[in-house]
Amino acid sequence: MCIRDRYQRRVRGVEMVMKALALALALIVLVSLVYGEIPRACSTSDTDKFPFCNPNLDLDSRLKDLISRISDADKPKLLTARSSPNNNIPSLGVPEYDWGANCVHGVQSRCGTRCPTSFPNPNALGATWNMSLVYDMGQVIGIELRALWLEGAGENRPDNLPHVGLDCWSPNININRDPRWGRNVEVATEDPYIGGLYGSAYTRGLQEGKLDKRFLQAVVTLKHWAAYSLENYGNVTRHNFNAIVNAYDLANTYFPAFKTSVIDGNAKGIMCSYNALNGIPTCASQFLNTTLRGDWKFDGYVTSDSGAVADIYTQHKYVPDAERAAAVALKGGTDINSGGVYESALLKSLADGYVSESDINLALYRTFKLRFQLGLFDPIDDQPYWHVPPTAVNTPESQALNLLATRQSMVLLKNDKNTLPFPKGKKVAVVGPHFNATGVLLGNYLGQVCPKSPGDTSCMTSMLEAISAANANGVVIGAEGCSVTGSSTNGFAEAIALAKAADYVILALGLDGAVESEGKDRYSITLPGVQDQFSQEIVNLGKPTAVVLINGGAVAVDWLHQHAPAILEAFYPGFLGAIGIADVIFGNYNPGGKLAVTVYDSSFTSQSNFLDMSMTNTPGRTYKYYKGTPLWPFGYGLSYTTFSLKWSNSKTEFTVSNLNRDAITLTVNVTNTGRIAGDEVVQAYFKPDNDPLIIKQLFGFQRVHLEPGQSQIIRFVMDYKTVCTADKNGDIYSVPGHYAITVSYTHLTLP
């Protein structure tokens, strides 16, 4: 009997029986998860006889055998994200599996025996300029995901469902195109080069575990493919936005981070985005097959963002109905649908001839292949990943890494007359809307951080607590002064009085999820509410004052840039954020972070159209193309010590013909010329003389830690690939002509 006949002969009575059976099986699975027993494939005498359970067969044969045994009715739920615990197949011994755990800066699950480690947000991690740290974070997240999965942990919600899977919908490697975007908290940088290194380091850390090289530790899902950086602006939302992007910008800006993460990082997952790209919804775009799987040899799976397949017909109107949306998504290369379209419409799409059985089976092949590569269909006795203990979560080592990441992410933007660090033992006033922050420091995409309940932050160290602890033998007082977004000035008087009575003042300002978030962009990039007015009154008191900024997208603090004595950019610094801030304020840690974004002044929003995806249209976007003068440039960051650089090369200009013959090594000597130990990030840029668009482009960097008087040699290797760029057609080539090389540190440039 053909598939179409089987589909058409289903009757309502059978459907009701199947639904009841599915509900009963789901309850059985739920009970087993509650008691920490993870359903396992090929684990009974009735199922381990199947050829797909035989680990001695080659993977291709096992996959084909399994797929041949799956009924048509079961296939849509297997290609639907977050269907756990309803997507098991008891007759084949195939357990439930959930596609859709998030791990942006930690596992986004409920606590097991321990709560998952919550690292700084990616916008802070980008400021570390430390990819080995990102790799180590990926390792921690991967092993914690395994442990929490084995304990039956679900997503961070009261019902503990769905049970998290072993694929992470992370990292987000879209670029920080514009500070107005509500999800800048989730991305590391505006620079495609750093974005690719970040994505690759995270990918290798998460996927390549240390316990068993035969299997993947976990699976990354790079998001969001492609040209996605808008939430809700004017009458346009991410669900109906058509991103018009020319070939030059696709090749130079929007694709490189994905390309590097796939080719160098061997990423096994991609998430297609809500928006359309040049008129075609990304989840239906042949870019998934031609560029991703063709040019880059990607061999993993693609999932839609949640609801993105439905957007193909409901928002973009690309096709008229769900059946054809399911077809163009599946044939376009989207294997997993996060949403209900595949479950509700895929079989009808098959019956009507919009997709073939081979189209569906190809998606099953790609997705089950990863489950096999995770070791989920092999004997477990000799698999370390099946025996990761709950004590592998939130270890002292992971917390030490967390604190290092938090400290390294702090960027000192201003420090007139060495206002910072503050001396200890004095009276310090902490004022501003984030004066006693806890939860806001965590940013978004959170696992449960405290064991009491989801959303509880009582186990965190607050800003006041951290500053009090760091200010040994001193006094710390605090008041809010104003809220983040409110218009009331009623709290000004109390906060001003405390500041007047203090020796030193910390002014804690910034944003929160009510201002910027998934689904919510900013219209203004200045401080919201009455924070500007409040901060001016505090700074005008003339006390030694340090501004601490908490934010995702960069904030245009034009007045404070001119008048505040000291400014520390903390981003959303995570679970240990308050401790990291206090360490810098009182000199327990010497800041060495550098901006991985450009901080524009407030006029940027009137000069630049947020809906315009061009990077080069006036005034330009990012350090590569922006023609104006920012408040603080990309790569900027101060220290409590000083450094010097010296070229070891006599020549710092080259031609492409030089680079075609041989690779060239540029050697720089960096020395700590100050009195305390510190970190410096040495950054190498090139500028092609005959490219009218690119101002400069980063091609290498290294973060180094130096004791006073210590020097280190840093080497940057260049060849013709280093200076490759795209032409107007998106073709990659080395621009003929001369290249000027500069090396930057702190805020100075060595020509």
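One can find the structure itself at the top, above this paragraph.
Values in this document were obtained by computation on a predicted structure and should not be read as measured data.

A short note on the overall build of the protein
Broken down by element type, the protein carries 23 helices and 26 strands. Seen along its three principal axes, the alpha-carbon backbone of the protein occupies a region of about 85 × 65 × 50 Å. Counting over 751 residues, the protein shows a buried share of 61%. Within the protein, contacts between residues at least 6 apart in sequence are counted, and of these 78% link residues at least 24 apart. By element, 51% of the accessible surface of the protein is carried by carbon and sulfur atoms, the whole surface being about 26,900 Å². Computed over 63 positive and 69 negative side-chain charges, the inter-centroid distance for the protein is 1 Å.

A word on the environment of Asn-121
Structurally, Asn-121 can be placed in the loop between helix H4 (75-78) and helix H5 (122-125). On the accessibility criterion, Asn-121 (0% relative accessible area) is buried. Residues Asn-121 and Gly-574 lie 453 residues apart in sequence; the distance between their C-alpha atoms is 6.2 Å. Here the side chain of Asn-121 touches Leu-442 through a polar contact of 2.8 Å, landing on its backbone oxygen.

Details of the packing of aromatic side chains
For the structure on display, the rule yields 30 aromatic pairs. Ring centres of Tyr-600 and Phe-604 lie 3.9 Å apart, and the angle between their planes is 15 degrees; on these two criteria the pair is classed as stacked. Aromatic side chains Tyr-600 and Tyr-626 sit 4.8 Å apart centroid to centroid with 80 degrees between the ring planes, which places their arrangement in the edge-to-face category. Taken together, the residues span a long stretch of sequence, with Tyr-600 in the loop between helix H20 (577-585) and helix H21 (604-607) and Tyr-626 in the loop between helix H22 (622-625) and strand S17 (643-647) at a distance of 26 residues. Accessibility assignment for this pair places Tyr-600 and Tyr-626 in one class, buried. Here a set of aromatic residues connected by ring pairs shows up, and it is made of Trp-129, Tyr-193, Tyr-623, Phe-634, Tyr-685 and Phe-701.

Brief notes about H20
Within H20, eight of the nine residues are buried, which leaves the element mostly enclosed by the surrounding structure. For H20, the full list of buried residues reads Gly-577, Ala-578, Gly-580, Ile-581, Ala-582, Asp-583, Val-584 and Ile-585. If you follow the buried residues of H20, they end up packed against helix H15 (396-408), helix H16 (463-470), strand S14 (504-510), strand S15 (545-550) and strand S16 (566-569). In the stretch just after H20, Gly-587 is the one whose phi turns positive, near 80 degrees.

Quick look at the sheet that holds strand S10 (residues 301-304)
The strand order across the open sheet built from three strands is S3-S7-S10, with neighbouring strands paired in parallel fashion. This sheet does not close on itself; its edge strands, each paired only once, are strand S3 (222-225) and S10. Going across the sheet, the axis of each strand differs from the next one's by a mean of 30 degrees, ignoring polarity. Note that strand S7 (residues 269-272) and S10 share four bridges and pair parallel. For Cys-272, the partnering residue across the bridge sits in S10 and is Ser-304.

What counts and what doesn't
Residues numbered from 1 in each chain as written. Predicted model: local features only at pLDDT ≥ 70, side-chain atom pairs only at ≥ 80, totals over all residues. Heavy atoms only, no water. Helix = DSSP H or I, 4+ residues; strand = E, 2+ residues; numbered from the N terminus. Buried < 20%, exposed > 50% of the residue type's maximum accessible area, 1.4 Å probe, protein only. Contact = heavy atoms within 4.5 Å. Areas by Shrake-Rupley, 256 points an atom, 1.4 Å probe, with all protein chains shown as cover. Lys, Arg positive; Asp, Glu negative; His and termini not counted. Charge placed at Lys NZ, Arg CZ, Asp CG, Glu CD. Polar contact = N/O pair within 3.5 Å; in protein donor to acceptor, adjacent residues only side chain to side chain. Phe/Tyr/Trp six-rings, centres within 6.5 Å; stacked < 30°, edge-to-face > 60°. Pairing = 2+ DSSP bridges. Axes fitted to C-alpha atoms, helices over the stretch in contact; angles between N-to-C directions.

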